[in-house]
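Take a look at the letters that make up each chain.
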Amino acid sequence: MIIKALRDYMRNLKCLETFNSAIRVNVNFLEENIDTYSIEEVPIDPIIKKYVNGDSIRQYAFIFTSREPYGVDVLTNIDNSGFYEKLADEIEINNNNEIFPVLDNGLEPLEIKVTSTGYAFAVTEDTAQYQINLRLKYFKRGMK
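Let me sum up the structure you'll find in this document. (Residues numbered from 1 in each chain as written. Predicted model: local features only at pLDDT ≥ 70, side-chain atom pairs only at ≥ 80, totals over all residues. Heavy atoms only, no water.)

The next subject is the overall build of the protein chain. Looking only at helices and strands, one finds three helices and seven strands in the protein chain. Across the protein chain, helices and strands are ordered from the amino to the carboxyl terminus as α-α-β-β-β-β-α-β-β-β. On the principal axes, the C-alpha backbone points of the protein chain span a range of 55 × 25 × 25 Å. The buried share of the protein chain, taken over its 144 residues, is 42%. Taking as baseline every contact in the protein chain between residues at least 6 positions apart, the subset at least 24 positions apart corresponds to 62%. Of the roughly 8600 Å² that the protein chain leaves accessible, carbon and sulfur atoms contribute 52%. For the protein chain, the centre of its 16 positive side-chain charges and the centre of its 22 negative side-chain charges are spaced 12 Å apart. (Helix = DSSP H or I, 4+ residues; strand = E, 2+ residues; numbered from the N terminus. Buried < 20%, exposed > 50% of the residue type's maximum accessible area, 1.4 Å probe, protein only. Contact = heavy atoms within 4.5 Å. Areas by Shrake-Rupley, 256 points an atom, 1.4 Å probe, with all protein chains shown as cover. Lys, Arg positive; Asp, Glu negative; His and termini not counted. Charge placed at Lys NZ, Arg CZ, Asp CG, Glu CD.)

Listed below in structure tokens is the structure:
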């Protein structure tokens with residue numbers, strides 16, 4: 001399953017290790033507590049290019065989201081933005097070094113790319129949901 005591979009990949013990013021060693025990354029569910037994370041699927045046409053033999057280049061769009069402390073303390077808000085900059089940098093470095101999620105079922109990862117900057121999405125008085133958009137591009141052999 002692609003979502004499981006993405007979850008495992010995100011959990012192993014070095015920038016997440018700074019929070020704690022038992023980081024919890026949920027799927028399609030973000031807890032109310034601060035310093036919680038989730039991966040959420042984004043609807044997208046999965047096929048980028050289809051070949052005559054049935055092989056295809058595909059994409060899987062997703063959001064990495066977190067709940068963070070938020071408020072008038074500008075340093076806290078800068079830290080939140082800084083975390084998402086580090087996350088984007090690490091994913092770019094991994095992509096350049098061909099460090100990808102480990103896919104099963106014969107799927108071959110080609111690229112993992114950040115498609116937006118990190119941003120505050122939903123804000124309350126003392127917390128904010130931050131998120132960053134990403135896309136996995138992969139090769140899938142045709143069905144025989």
